[in-house]
Amino acid sequence: IVFSGNGPSGICLSYLLSGYTPYFKRHALHPHPILQRKLEEAPEVSVLDQDLEYLSEGLEGRSHSPVALLFDTLQRPDTDFDGTAESVLTWWHEPDRAIPHLVLGRNAPGGAWHSIEGSMVTLSRGEWMGLPDLPFKEWLKQKKRGLRNNRATAEDIAQYYQHYVMKKGLQKNFRCGTVVTSVRKVSAESISNHTLKDLQEDSDSIWSSNEKSAELFQVDGFFKTMEGDKEPFSIHAENVVLATGTYDNPTWLGVKGENLSYVHHQLSALEEAVKNNSVGIMTDPVLIVGAGLTAADAILFAHHCNIPVIHVFRRRVTDPGLIFNQLPKTMYPEYHKVHQMMKEQTAACAGPYEHYISLPEHHVLSFGKDKKCILQDKNGCQKAYKISMALVLTGSNPNLSFLPNNGTDLALDSEQPVNPKRNPIDVDPFTYECAQEKGLYALGPLAGDNFVRFVQGGALAAASSLLKKANKNPP
């Protein structure tokens, strides 16, 4: 089995395929009485070997995935009600159930968490960022640190995921610094038995093809060496897991001049500009486009550095679909502050916040070479603004260029590109196997699961399915 992606989804699935097996803890009491009764029916059978559809039936919560809700409530039984009930699972290491697998990723284990500015605070509560059988809060306590407003920094999360892989002994399955360039189906006969580049020090078996299957996946790519060279590899596997997340490909507006050097699509560009002193209190304003949390993070960062901002977004400030209208004020004071600024400091009426102008129901028409940006309001009125740089922060899409047709054929709507919120990959909800391609699995945002606490259910479903295929499930 080969995974593309080594973020939380990939780490969690690696843990479950390394022989770590969850059982219902004897004498544990789950607050959901029907689930408790079901769990008591076969406590000696691992959750991985039970009927996940039966166990998850009737569960409700903040995810559309039944298995995500199941795994979440088994680990954090009453967390949505601010409860602190312990997990009802106990974990046993059963090495004979391990399945050989390889996790390929560009970064260190943790995926995109290593690309996020370290001091950024997570949207989710800190304890929701944890992986099975190593609570995040306990790890943080060992570092003599606490959670701010129950939330954690990106740097802490990235370190925790790396620590998790080492602590659970999973590192032999991980290959960092790898880039996958192609995943395609090939016939088993067409594969020659030449020796494959062995990235795995201690086991050749993972790299040789298994002749049982008439068709296999061929995974091609390259491995970046310490010297900066690119060593190609080609692996054959009966099953491939897509867990690449969505951080790779920022969304573009598709307007004239968007490819000019002062127009950027990642928050890191603003941090870089501040370091270089190319923006500051005396420069022309920074244009920030978007009304999501990344745009809010950019506004907070600019506000902290006294950098003037023009903030453009298409929605009304009172639009219920706006993320700020869905977040509790007490838990997210900084995002509430941005929302206040958006409401009170429009171009039409000056408010209490210096160096910030909000332009709701506006959109960008074009960027000029002279750093003039043309904006248009809902009535069609246009206005030019002189800016120092632009940040277009309107979301991101997965980069699936390594799949035939960019993975579009796998999506719910095969006419449209894969999008984690609007058009995820079509998977079976109880195995996470792709409906259109057997042997291919999709986890995390690619399958529509966008929070770390819920991506783990997909890993549970996929592990259960892969263990059945490998006959590693006891009867």
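- Naming follows an unreviewed UniProt entry, where the protein appears as Oxidative stress-induced growth inhibitor 1 of Calcarius ornatus.
- UniProt lists a comment for the protein under the heading Cofactor (unreviewed entry), and it reads "NADPH".
- For the protein, the Sequence similarities (unreviewed entry) comment in UniProt is given as "Belongs to the OKL38 family."

### Looking at the packing of aromatic side chains
- In the structure shown here, the tally under the stated rule is 10 aromatic pairs.
- Taking 5.4 Å as the distance between ring centres and 55° as the angle between the ring planes, the aromatic pair formed by Tyr160 and Tyr161 counts as tilted. Comparing Tyr160 with Tyr161 shows no difference in burial state: the two are buried.
- Taking the centre distance of 6.2 Å and the plane angle of 55° together, the rings of Tyr160 and Tyr164 count as tilted. In this pair, Tyr160 and Tyr164 both sit in helix H6 (residues 154–167), four residues apart, roughly one turn of the helix. This pair shows no difference in class: Tyr160 is buried, exactly as Tyr164 is.
- The ring of Tyr54 has Lys38 sitting right over it, with the charged end atom 4.8 Å from the ring centre.

### Examining the pairing of strand S18 (residues 372–377)
- As defined by bridge partners, strand S17 (residues 362–367) adjoins S18 across five bridges and the pair is classed as antiparallel. Note on S18: the bridge partner recorded for Val364 is Leu375.
- Remark: four residues form the turn of the hairpin made by S17 and S18, two consecutive strands paired antiparallel; Lys371 in that turn has positive phi of roughly 65°.
- Judged from the five bridges that link them, S18 and strand S19 (residues 382–386) form a sheet pairing that is antiparallel. Paired with Leu375 across the strands is Lys383, a residue of S19.
- Linkage of S18 to S19, two consecutive antiparallel strands, is achieved through a turn of four residues, within which Gly380 is found at a positive phi near 90°.

### Structural notes on the side chain of His265
- Relative to the helices and strands, His265 resides in the loop between strand S13 (263–264) and helix H7 (268–275).
- Dropping the residues within four chain positions of it, His265 is found in contact with Pro250, Thr251, Trp252, Glu258, Val392 and Leu393.

### Observations regarding the packing of H7 against helix H8 (residues 293–304)
- Taken N-terminus to C-terminus, the directions of H7 and H8 make an angle of 15°; their axes are 10 Å apart at the nearest point. By the angle between their axes, H7 is roughly parallel relative to H8. Every pair of crossing elements has a handedness; the one defined by H7 and H8 is right-handed. Residues Leu270, Glu271 and Val274 of H7 lie in contact with H8, whose contacting residues are Ala298, Phe301 and Ala302.
- The class makeup of the residues in the contact of H7 with H8 is five nonpolar, no polar and one charged.

### Details of the environment of Val286
- Tracing the backbone shows Val286 in strand S14 (residues 286–289).
- Judged by its relative accessible area of 1%, Val286 falls in the buried class.
- For the pair Val286 and Ala298, spaced 12 residues apart in the sequence, the C-alpha separation amounts to 10.0 Å.
- Sequence-distant contacts of Val286, defined by excluding residues within four places in its chain, comprise Leu270, Val279, Ile307, Pro308, Val309, Ile310, Ser388, Met389 and Leu391.

### Describing unusual backbone geometry
- Even without being a glycine, Glu361 presents a positive backbone phi close to 55°.
- Topologically, Glu361 is positioned in the loop between strand S16 (356–359) and S17.
- According to the relative accessible area criterion, Glu361 is partly exposed, its value standing at 26%.
- Positive phi, normally seen in glycine, also occurs at Tyr432, with a value near 65°.
- Since its relative accessible area comes to 3%, Tyr432 is described here as buried.

### Digging into the sheet that holds strand S8 (residues 178–187)
- Spatially, S8-S9-S10 is the arrangement adopted by the three strands of the open sheet, whose pairing is antiparallel. Every interior strand has two partners, whereas the edge strands, S8 and strand S10 (230–237), have only one. Strand-to-strand, the axes of this sheet are offset by a mean angle of 20°, without reference to chain direction.
- One ladder, built from nine bridges, connects S8 with strand S9 (residues 215–224); its direction is antiparallel. The partner of Val180 across the bridge, within S9, is Gly221.

### Section: the packing of H8 against helix H9 (residues 333–344)
- Where H8 meets H9, the axes come as close as 10 Å, and the angle between the chain directions of the two elements is 85°. Judged by the angle between their axes, H8 and H9 are roughly perpendicular. Listed contacts from H9 to Leu293, Ala296, Asp297, Ile299, Leu300 and His303 of H8 are Glu334, Tyr335, Lys337, Val338 and Met341.
- By residue class, the composition of the contact of H8 with H9 is seven nonpolar, one polar and three charged.

What counts as what
Residues numbered from 1 in each chain as written. Predicted model: local features only at pLDDT ≥ 70, side-chain atom pairs only at ≥ 80, totals over all residues. Heavy atoms only, no water. UniProt positions renumbered as here; feature names shortened; annotations may be inferred. Phe/Tyr/Trp six-rings, centres within 6.5 Å; stacked < 30°, edge-to-face > 60°. Buried < 20%, exposed > 50% of the residue type's maximum accessible area, 1.4 Å probe, protein only. Helix = DSSP H or I, 4+ residues; strand = E, 2+ residues; numbered from the N terminus. Lys NZ or Arg CZ within 6 Å of the ring centre and 35° of its normal. Pairing = 2+ DSSP bridges. Contact = heavy atoms within 4.5 Å. Axes fitted to C-alpha atoms, helices over the stretch in contact; angles between N-to-C directions. Parallel < 35°, antiparallel > 145°, perpendicular 65-115°, else oblique. Left-handed = near helix turned anticlockwise from the far one by under 90°. Nonpolar A, V, L, I, M, F, W, Y, C, P; charged D, E, K, R; others polar.

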